[in-house]
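What the coordinates show
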Amino acid sequence: MFALVDVNNMYVSCERVFRPSLLGRPVVVLSNNDGCAIARSNEAKDLGIKMAQPWFQIRHLRREAGLMALSANFELYGDMSSRMMALVGEYAPRQEIYSIDECFLDFDGVRDHLAGIGRDMRAKVLQWTGLPTSVGFGPTKTLAKLANHVAKTADRKPGSYPAQWAQVCNLAELSALDLELLMRATEVGNVWGVGRKTSARLNEQGIRSVLDLVNADANTLRGQFSVVLEKTVLELRGTCCMGVDEAPAANQQIMCSRSFGAPVTELSVLVELVSQFASRVAEKARQQRSVAGAVHVFVSTSPFRQQDRQHSPSGTLPLSRPTADTRGLVAAAVRLVQGLVRPGFNYVKAGVMLVDLQPEGQVQQELDLFAGMEDAGAPTRGRDQLMGALDTLNQRFGKGAVSVASAARLEARGGSVAAARQAWRSARYTTRLDEIPTVHA
DNA sequence: TCTGGGGTCCTAGGACCC
DNA sequence: TCTGGGGTCCTAGGACCC
């Protein structure tokens with residue numbers, strides 16, 4: 001048996017822990033640049049606000065409905081997530097942390113009292129962290145996901161499902177009749193792995209509910225769609241196609257990209273931005289002990305500015321020697337961006353991606369045949385120590401305390417036009433001593 | 001005026017090989 | 001006029017997830 005535990009409206013719930021005045025109010029958390037809503041409280045959902053809806057479209061609800069908006073505070077959410085995951089992980093022999101707000105638990109062999117365990121887990125997380133969760137149990141991961149959807153929806157929309165399924169729902173406890181009722185009442189688009197496009201195509205064929213999908217011919221669907229959908233159908237029927245993965249492999253790509261606060265036309269500014277992004281991905285690569293075989297850079301104009309001429313070039317540069325050294329990666333990224341950018345365009349976004357990632361230490365030395373001879377014999381140790389020192393300093397004194405020169409100029413100028421807008425960010429209550437909450441007695 | 005930032009996996013099609 | 005068949009690898013793009 002698997003459980004899926006997830007935090008309801010994670011980002012909003014994290015904010016509410018430290019600002020109880022937000023409870024009961026419509027609240028959204030905004031993306032970078034305060035651009036669009038990436039988390040919504042139930043009250044905000046009830047106002048009709050959609051996921052990723054642009055802020056300028058819903059701003060009027062501040063006055064009309066008391067909508068509160070907060071800028072994203074990922075440092076806070078990440079720390080709250082770690083606390084929640086640690087608590088939940090105690091309940092089962094294996095845990096797969098699937099995203100910042102949800103994890104699978106593998107209750108191998110356990111069949112009884114699961115709902116009770118779920119309620120206990122929920123209560124403990126609520127008491128210890130203040131975060132409300134939903135828990136779904138099922139014999140496969142896809143069914144646990146479905147159970148979680150039911151637990152959350154039954155809680156949020158009374159009448160949608162029987163009330164006893166709210167908050168914690170165990171599909172294995174249900175009679176065959178109840179399970180059929182549940183699947184008939186649930187739209188196929190709510191199934192894990194069935195997105196917008198697929199559900200539209202399924203609907204055309206008359207497959208509207210989860211029950212319709214379960215009763216469809218898996219083989220035919222495989223031909224029409226893909227093996228992914230076939231697996232989903234099998235999982236819905238109770239056949240396990242996926243296990244819990246406790247230690248997911250290192251990422252195969254590492255990306256850092258941002259939309260800018262204002263359009264950028266100057267190459268020099270883009271060089272500085274891309275340098276910053278490259279520094280960030282280099283740091284991430286070192287964290288997971290990987291080296292990159294190639295660097296990919298893209299810049300793009302805004303498809304929403306229809307009066308602008310559009311230009312979205314990208315390029316990839318293979319490295320003669322795979323590395324996670326900030327200097328080498330910044331140099332490659334800068335060379336790329338210099339070749340991409342053309343004058344006369346309003347660029348609004350850029351990004352750097354590391355690809356061809358390999359574990360550090362098992363780098364193929366043959367690739368060095370054509371590398372520059374000047375450093376062929378240089379000890380790599382010096383480099384590692386320099387990067388180690390860089391990471392330590394930045395960890396201790398804050399991001400950007402030490403950086404390569406091309407990335408540092410932006411900050412020296414006191415930010416730039418491209419700086420992201422973050423008008424309403426809350427304090428990093430749990431990770432910064434100088435932002436720790438004050439309690440007034 | 002103002003529209004996120006990460007990731008994964010699968011498939012189709014082309015290049016290339018024998 | 002008639003022009004094989006089977007394989008691998010790589011890449012781009014699409015769909016999905018949160």
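Look a little higher up for the structure.
For the structure given in this document, a descriptive report is provided here. From a predicted model like this one, the values you see are computed outputs, not experimental measurements.

Procedures and definitions
- Residues numbered from 1 in each chain as written.
- Chains lettered and ligands numbered in written order.
- Predicted model: local features only at pLDDT ≥ 70, side-chain atom pairs only at ≥ 80, totals over all residues.
- Heavy atoms only, no water.
- Pairing = 2+ DSSP bridges.
- Helix = DSSP H or I, 4+ residues; strand = E, 2+ residues; numbered from the N terminus.
- Axes fitted to C-alpha atoms, helices over the stretch in contact; angles between N-to-C directions.
- Contact = heavy atoms within 4.5 Å.
- Phe/Tyr/Trp six-rings, centres within 6.5 Å; stacked < 30°, edge-to-face > 60°.
- Buried < 20%, exposed > 50% of the residue type's maximum accessible area, 1.4 Å probe, protein only.
- Lys NZ or Arg CZ within 6 Å of the ring centre and 35° of its normal.
- Near = heavy atom within 4 Å.
- Polar contact = N/O pair within 3.5 Å; in protein donor to acceptor, adjacent residues only side chain to side chain.
- Core = buried A, V, L, I, M, F, W, Y, C linked by side-chain atoms within 4.5 Å.
- Left-handed = near helix turned anticlockwise from the far one by under 90°.
- Nonpolar A, V, L, I, M, F, W, Y, C, P; charged D, E, K, R; others polar.
- Salt bridge = Lys/Arg side-chain N within 4 Å of Asp/Glu carboxyl O.

**A few points about the sheet that holds strand 2 (residues 27-30)**
Adjacent strands of a sheet form backbone hydrogen bonds with each other and so pair up, either parallel or antiparallel. A sheet is described by the order of its strands in space; here three strands give the open sequence 3-2-4, paired in mixed fashion. The open sheet terminates on both sides in strands that have one partner only, identified here as strand 3 (37-40) and strand 4 (68-71). Averaged over all pairs of adjacent strands, the angle between strand axes in this sheet comes to 30 degrees, irrespective of strand direction. The pairing of strand 2 with strand 4 spans four bridges and is classified as parallel. Residue pairing for strand 4: Leu30 is matched across the bridge by Ser71. Each of strand 2, strand 3 and strand 4 is contacted by helix 1 (residues 10-18), which is oriented at about 110 degrees to strand 2, the strand it contacts most.

**Examining the packing of aromatic side chains**
One pass over the full model with this rule turns up eleven aromatic pairs. Between the aromatic rings of Phe18 and Tyr429, the centroid separation amounts to 4.3 Å while the plane-to-plane angle is 10 degrees, which identifies the pairing as stacked. With Phe18 in helix 1 and Tyr429 in the segment after helix 16 (405-412), this pair connects stretches of sequence that are 411 residues apart. For Phe18, a relative accessible area of 24% corresponds to the partly exposed category. If you follow Lys124 out to its NZ or CZ, it ends over the ring of Trp128, 4.7 Å from the centre. Between the NZ or CZ atom of Arg421 and the centre of the ring of Trp424, over which it lies, the distance is 5.6 Å.

**Structural notes on the protein's contact with DNA strand C**
Looking at DNA strand C, there are 13 residues lining it, with Ser99, Asp101, Lys145, Gly193 and Thr198 nearest. Of all atoms in DNA strand C that approach within 4 Å of the protein, 100% are sugar or phosphate atoms. A distance of 2.3 Å is found between a phosphate oxygen of DNA strand C and a side-chain nitrogen or oxygen belonging to Lys145. Trp192 is positioned such that a nitrogen or oxygen atom in its side chain is 3.5 Å from a sugar or linking oxygen of DNA strand C.

**Overview of the nonpolar core**
Counting 38 residues, the largest nonpolar core has Phe260, Val295, Val297, Val337, Val352 and Leu354 as its most contacted members. Elements supplying a minimum of two residues to this core: strand 9 (254-264), helix 13 (267-287), strand 10 (290-301), strand 11 (314-323), helix 14 (326-340) and strand 12 (347-359). Here this core gets ten residues from one element, more than from any other, and that element is helix 13. Residues Ala3, Leu76, Met80 and Met121 belong to the second largest nonpolar core, which totals 35 residues.

**Describing the packing of helix 13 against helix 14**
Interaxial distance between helix 13 and helix 14 falls to 8 Å at its minimum, and their mutual angle equals 145 degrees. Judged by the sense of rotation from one axis to the other, the crossing of helix 13 with helix 14 is right-handed. Touching Leu267, Leu270, Val271, Val274, Ser275, Ala278, Ser279, Ala282 and Arg286 of helix 13 are Thr326, Leu329, Val330, Ala333, Val334, Val337 and Gln338, all from helix 14. Classifying every residue of the contact of helix 13 with helix 14 by side-chain character gives eleven nonpolar, four polar and one charged.

**Brief notes about the environment of Ala420**
Looking at the element boundaries, Ala420 is found in the segment after helix 16. Residue classification places Ala420 among the partly exposed residues on the basis of a relative accessible area of 39%. Sequence separation between Ala420 and Asn32 is 388 residues; the distance between their C-alpha atoms is 6.6 Å. Not counting the four nearest positions on each side in its chain, Ala420 is found in contact with Asn32 and Asn33.

**Quick notes on the sheet that holds strand 1 (residues 2-7)**
If you trace the five strands from one edge of the open sheet to the other, you get 5-6-1-7-8, paired in mixed fashion. Every other strand in the sheet has two partners, leaving strand 5 (94-99) and strand 8 (168-170) as the edge strands with one partner each. Across this sheet, the average inter-strand angle for adjacent strands is 15 degrees, counted without regard to direction. Its contacts with the sheet place helix 6 (residues 114-129) against strand 1, strand 6 (102-106), strand 7 (133-138) and strand 8, and it is angled at close to 160 degrees to strand 7.

**Side note on the packing of helix 5 (residues 74-89) against helix 6**
Running from N to C, helix 5 and helix 6 point in directions that differ by 145 degrees, and their axes come no closer than 10 Å. The way helix 5 lies across helix 6 gives a crossing that is right-handed. In contact with Met80, Arg83, Met84, Leu87 and Val88 of helix 5, helix 6 contributes Met121, Lys124, Val125, Trp128 and Thr129.

**Things to note about the pattern of salt bridges**
Summed over the entire model, instances satisfying the criterion amount to 19 salt bridges. Measuring nitrogen to oxygen at the nearest pair gives 3.1 Å for the salt bridge that ties Arg156 to Asp46. Of the two residues, Arg156 is situated in helix 7 (residues 141-156) and Asp46 in helix 2 (residues 42-46); the sequence distance between them amounts to 110 residues. Among the residues examined, Arg156 registers a relative accessible area of 25% and is labelled partly exposed.

**Digging into the protein's contact with DNA strand B**
Around DNA strand B lies a shell of 24 residues, among which Asn32, Met255, Ser257, Arg258 and Ser259 are the nearest. Within 4 Å of the protein, the atoms of DNA strand B are drawn from sugar and phosphate moieties in a proportion of 66%. Between Ser259 and DNA strand B, the recorded distance is 2.8 Å, taken from a backbone N or O atom to a phosphate oxygen. Contact distances for DNA strand B include 3.1 Å between a phosphate oxygen and a side-chain N or O atom of Arg305. Elements that contribute at least two residues to the surface near DNA strand B include exactly helix 12 (227-236) and strand 9. The biggest single contributor to the surface near DNA strand B is strand 9, with six residues. Taken together, the residues of the surface near DNA strand B sort by class into ten nonpolar, nine polar and five charged.

**Focus: the pairing of strand 2**
Side chains of strand 2 alternate between two faces, with Val27 and Val29 and Val28 and Leu30 buried alike. By the bridge criterion, three bridges tie strand 2 to strand 3 in an arrangement that is antiparallel. Looking at the pairing, Leu30 lines up with Ala37 of strand 3. Joining the antiparallel neighbours strand 2 and strand 3 is a turn of six residues, in which Asn33 adopts a positive phi near 65 degrees.

Taken by themselves, the reported measurements are silent on function.
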